[in-house]
Amino acid sequence: MPAEKILLVDDEKLVRWSLRERLTSEGFEVDEAENLAAAERRMAADFYDLVLLDHRLPDGSGLDRIAPIARDFPESAVIMLTAYGTVEGAVRAIKAGANDYLTKPIDGDALVAVVRRVLETTQLRRELRRLKEDQKKVHGPANLVGRSPAMRAVFDVVSKVAGSAASTVLLTGESGSGKDVVAKAIHYASDRADRPFMNITCTAVPATLLESELFGHERGAFTDARVGKKGLLELADGGTAFLDEIGDMPPPLQAKLLRFLEDKSFKRVGGTRDIQVDVRIIAATNRDLAEAVRTKQFREDLYYRINVVPIALPPLRDRKGDVPLLAQHFVLHFNREFKKNVEGFSRRALAALERYGWPGNVREMRNVVERMMILEPSGTLHLEDLPSEIRGEPGAASETERAFRLPPGGVELEEVERTLVRQALTRADGNRTHAARLLGVSRDTLRYKLKKFGLAGSASGPEPDQVEPGA
Ligand SMILES: Nc1ncnc2c1ncn2[C@@H]1O[C@H](COP(=O)(O)OP(=O)(O)OP(=O)(O)O)[C@@H](O)[C@H]1O
Ligand SMILES: [Mg+2]
């Protein structure tokens, strides 16, 4: 790493000399300027990580230069040198935008400590800014692939919502159809992009903890609450909160969420103070919420409140036109990730991809392409490289018939079921929603079966859906 550059602006030669000695011995590169005019010339010609700026200079006040420097050179930090040691001067310097100040006579150790701290802070800020820019690129709308009319309609709503003040969005669609991707695209395309995107999966947190996860709690609110804690909504202030699997939110919480959506304020668990936040709520579910309303599992008023801007993601089988585009998108993606050079799919392989029903939607396709590309170093992916269920020779026995043959001695049906449930959990990495989908049953049915087969908490039946930390 090149040495960090510091510009020393002071009219006293002796001060410059002693500061320079010390800073150079610490490995910094130091330039000098004896007045403001010289400092400006230097800054116009060269980038400085840090400017040490004297208060009184022959051609003007250093204090008055802080604000213009902060404006014109936002990447350069400023430390004010003040001869008088008055608190007032220091306060004015900080208010004008200086990162810190030092009082003369300057102690060498204090100088190095303050310089290092300021440089570290500005470095961290710069990194954070860069990370945020990367996030925008990785998760922004450019990352959404599709050209089918259905997806074009989705993109259209996404860009309209992102640019609007709409405070709630409801995403529906089967597992793997792109709800997470769309939620992030909305956030990163909006003017909330520099603020947090926080996400919580309602089913991944025990019902008893969900309220405090969402709304936070005060100290002493319950037995384990030794310290107060901010909830997801407070942490997401100014940004977006993504509430996944909202259909499974317990009814008392549904009521509290509704109150929040109407007032934009809430109380922490065990608290009395109203807390105001500005958060866009994106809710998602793969359940039929209207049906859940009919069966009284979901509050009707909340349903209408979050259904203001509904976005329904069609299953992949209903937008076959997107299949070649997505396939190529994932090939490029994994070429980058695995440093490979695969060109794409042969015509026959593509035809098979388009024929296949994709019960796991885009996620399944991503996994299939990933698996194929781990094995294939370069060139073209052929029909023979595809997993057998996708190759699916037309006219042959159904997939089920091919996969399962009754042995001559018969089977224990429960044992077969138990084995399949366990396999589904493993393949879904323990995510019960995905596992249920693989088995074609509801989450409730799966939960019941896990209990029945004693797989609920065992090592082979991993824990429920993981909590996904905010991006
Ligand atoms: N339109 C799309 N363009 C590019 N990639 C997509 C698209 N839709 C989905 N994907 C990919 O598919 C994967 C699964 O999508 P996502 O996680 O958004 O599904 P989901 O609807 O949230 O599923 P679940 O209900 O299981 O949470 C994503 O990681 C992403 O790689
Ligand atoms: Mg999801």
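Provided above is the structure to which this section pertains.
Residues numbered from 1 in each chain as written. Chains lettered and ligands numbered in written order. Predicted model: local features only at pLDDT ≥ 70, side-chain atom pairs only at ≥ 80, totals over all residues.

1. Quick word on the pairing of strand β10 (residues 240–244)
Rules: Put simply, a residue is buried when 20 or more other C-beta atoms lie within 10 Å of its own C-beta and exposed when 12 or fewer do; between those, it is partly exposed, and each C-beta is set from the backbone. The way it works is that DSSP assigns letters per residue, a run of H or I at least four long becomes a helix, a run of E at least two long becomes a strand, and they are numbered from the N terminus. Any two strands between which DSSP finds at least two bridges are classified as paired.
Most of β10 sits out of view: 5 of its 5 residues are buried. Both faces of β10 are covered, namely the face carrying Thr240, Phe242 and Asp244 and the face carrying Ala241 and Leu243. Two strands pair when backbone bridges link them, and strand β9 (residues 197–201) and β10 are joined in this way by 5 bridges, in the parallel orientation. Residue pairing in the sheet places Ile200 in a bridge with Leu243 of β10. By the bridge criterion, 5 bridges tie β10 to strand β13 (residues 280–285) in an arrangement that is parallel. If you follow Asp244 over to β13, its bridge partner there is Ala284.

2. Things to note about the environment of Arg348
Tracing the backbone shows Arg348 in helix α14 (residues 347–355). For the pair Arg348 and Arg71, spaced 277 residues apart in sequence, the C-alpha to C-alpha distance is 59 Å.

3. Structural notes on the nonpolar core
The test is simple: In this usage, the nonpolar core is the set of buried Ala, Val, Leu, Ile, Met, Phe, Trp, Tyr and Cys residues whose C-beta atoms join them within 7 Å. Each residue is represented by a C-beta atom placed from its backbone, and any two residues with such atoms within 7 Å are regarded as in contact.
Membership of the largest hydrophobic core comes to 43 residues, with the highest contact counts inside it found for Leu171, Val182, Ile186, Ala241 and Ile282. With 6 residues, the single largest contributor to this core is helix α7 (residues 179–189). Residues in contact with Ile186, not counting those within four places in the same chain, are Val158, Val161, Ala162, Val169 and Ile282. Membership of the second largest hydrophobic core comes to 29 residues, among which are Tyr48, Leu53, Ile79 and Ala98.

4. A closer look at the sheet that holds strand β7 (residues 100–103)
Let me state the cut-off plainly: The angle between two axes is taken between their N-to-C directions and runs from 0 to 180 degrees, where each axis is a line fitted to C-alpha atoms and a helix contributes only its stretch in contact.
Ordered by their spatial adjacency, 5 strands build an open sheet running β2-β1-β3-β6-β7, and the pairing between neighbours is parallel. Two strands close off the open sheet at either side, each with one partner strand: β2 (29–33) and β7. Strand after strand, the sheet turns through a mean of 20° between neighbouring axes, direction not considered. The sheet contact formed by strand β1 (residues 5–9) and β2 spans 5 bridges and is parallel. Residue pairing across strands places Val9 opposite Ala33, the latter belonging to β2. Those strands touched by helix α5 (residues 108–139) are β3 (50–54), β6 (77–82) and β7, and its axis lies near 155° from that of β6.

5. A few points about the site of ligand 1
Inclusion rule: In this analysis a residue is considered near a molecule or strand if the C-beta atom, reconstructed from its backbone, is found within 6 Å of that molecule or strand. Classification convention: Asp, Glu, Lys, Arg as charged; Ala, Val, Leu, Ile, Met, Phe, Trp, Tyr, Cys, Pro as nonpolar; all other residues, Gly among them, as polar. Residue ranges for the domains originate in an automatic or database domain assignment.
Contacts to ligand 1 come from 18 residues, most closely from Ser175, Gly178, Lys179, Asp180 and Val362. A breakdown of the residues in the shell around ligand 1 according to their chemical character gives 4 nonpolar, 10 polar and 4 charged. Mapped onto the domain boundaries, the shell around ligand 1 takes at least three residues apiece from domain 2 (140–314) and domain 3 (318–400).

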